[in-house]
Amino acid sequence: MRAKVRALVGVLLMAAGGFASASVGQAEEPAPCPAATVSAQWQAQPEGSGLTPRKYRIPVTVTAPAGCTATGTVRYRVVDGKAHGVFPEFSADNGSDYGADPSMPLTGELSWKDSLETKYVDVAVNQDFLPEQNEAFWVELFEPSGLIVAEDRVPNAVNDDDAKPAPDAVVVAPDGKICWKYCEVPVYGFGFGGAQATANGSQTMTVHYRTVEGPGGPVGYVPVRDAVLTLQAGQPLTKAKVQLLPIDREVKFEIEFFQPAGGKLGMRRTVVTIKPWR
């Protein structure tokens, strides 16, 4: 009897050891990699002086945790500045300002396979000898597969290099920003070193911003009455920040830009959508 008991205990211990080994083996398996994020990087490049288009390259980058790579696709398209709120005088337009070379399509798809390689969207920018305003077009990313789009649109500036003195700096922000938990709207400045900056010896531009409430008042965020942003040569990107509060429904409001100094407003308002969060 005792022998049978000892045999049974041995079997149970061996089984337990096997389960423990299996558990340890499973614990050592690496966690699956999450989907990588993809972003178009904003640029500010000179228009150039000439009679033929020049290649304007916009980098599109992917980001993944350490030890992971990106696998997936995302579509892109290039649209005029005025398509997303840029004032017409600061809008780079298809045909007259860019897009004249069919070898650089304005829509397409980018793909990655186990890679973190930087891809590029190439845009044919029309060179000329005419003094004009600094202008911008947008690159949109959409329909991702296996990837997460970090910013769905970014402006790309075409700085005029024919006017003497150069035109003033211009500030723009993406229209249609979606926020949850935190809200930081990127604000881009381009064309620093223009006429006004030359006149006052400064390479710095400031702009004020405030929130504009919808019909239901300020719901889901802390209103901003008057905040100041500073942009300068070498640091032409900043963020308009709004503190969010927990909500259980979608809310929209606007951010209004006003009182620029050292440059001009390329657009006046941008719409922000807050998604529900707790």
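As the structure is a computational prediction, the values presented were derived from the model and not from experiment. (Residues numbered from 1 in each chain as written. Predicted model: local features only at pLDDT ≥ 70, side-chain atom pairs only at ≥ 80, totals over all residues. Heavy atoms only, no water.)

Quick notes on the overall build of the chain
On a plain count of helices and strands, the chain comes out with 2 helices and 18 strands. Taking all 278 residues of the chain together, 42% fall into the buried category. In the chain, the proportion of contacts linking residues at least 24 apart, taken out of those at least 6 apart, comes to 73%. About 14,400 Å² of surface is accessible on the chain, with carbon and sulfur atoms providing 56% of the total. (Helix = DSSP H or I, 4+ residues; strand = E, 2+ residues; numbered from the N terminus. Buried < 20%, exposed > 50% of the residue type's maximum accessible area, 1.4 Å probe, protein only. Contact = heavy atoms within 4.5 Å. Areas by Shrake-Rupley, 256 points an atom, 1.4 Å probe, with all protein chains shown as cover.)

Focus on the sheet that holds strand β11 (residues 177-179)
Taken in spatial order, the 5 strands of this open sheet run β11-β18-β16-β13-β14, and their pairing is mixed. Edge positions in the sheet fall to β11 and β14 (227-232), since each of these pairs with one other strand and no more. The average undirected angle you get between the axes of adjacent strands in this sheet is 30 degrees. Of the pairings in the sheet, the one linking strand β16 (residues 251-261) to strand β18 (residues 269-274) comprises 6 bridges and is antiparallel in character. Bridge pairing links E256 to R269 in β18. (Pairing = 2+ DSSP bridges. Axes fitted to C-alpha atoms, helices over the stretch in contact; angles between N-to-C directions.)

Comments concerning the state of the cysteines
Under the criterion given, the structure shown has 2 disulfides. What pairs with C33 in a disulfide is C68, and their sulfur atoms sit 2.0 Å apart. Between C33 and C68 the sulfur-sulfur dihedral comes to about -85 degrees; the bridge is accordingly left-handed. On the criterion of sequence distance, the pair formed by C33 in the loop between α1 (2-27) and β1 (36-40) and C68 in the loop between β3 (54-63) and β4 (70-80) is long-range, its members being 35 residues apart. C68 sits in the buried class, given a relative accessible area of 10%. Two residues, C179 and C183, share a disulfide whose sulfurs are 2.3 Å apart. In this structure, the disulfide formed by C179 and C183 twists by about 50 degrees around the S-S bond and is classed as right-handed. For the pair formed by C179 and C183, the shared burial category is buried. Here the cysteine-cysteine linkages of the chain are recorded as 1-2, 3-4, numbering only bonded cysteines and doing so in sequence order. (Disulfide = S-S within 2.5 Å.)

Observations regarding the nonpolar core
Core analysis: the biggest nonpolar cluster contains 64 residues, and W112, V123, F137, I255 and F257 have the highest contact counts within it. Excluding residues that lie within four positions of it along the chain, F257 makes contacts with A173, V187, V207, H208, Y209, L229, L265, M267, R268 and T270. (Core = buried A, V, L, I, M, F, W, Y, C linked by side-chain atoms within 4.5 Å.)

Quick look at the confidence of the model for the chain
Mean pLDDT over the chain stands at 86; residues scoring 70 or higher make up 86%. Per-element confidence in the chain ranges from a low mean pLDDT of 48 for α1 to a high of 98 for β4. (pLDDT = per-residue confidence, 0-100.)

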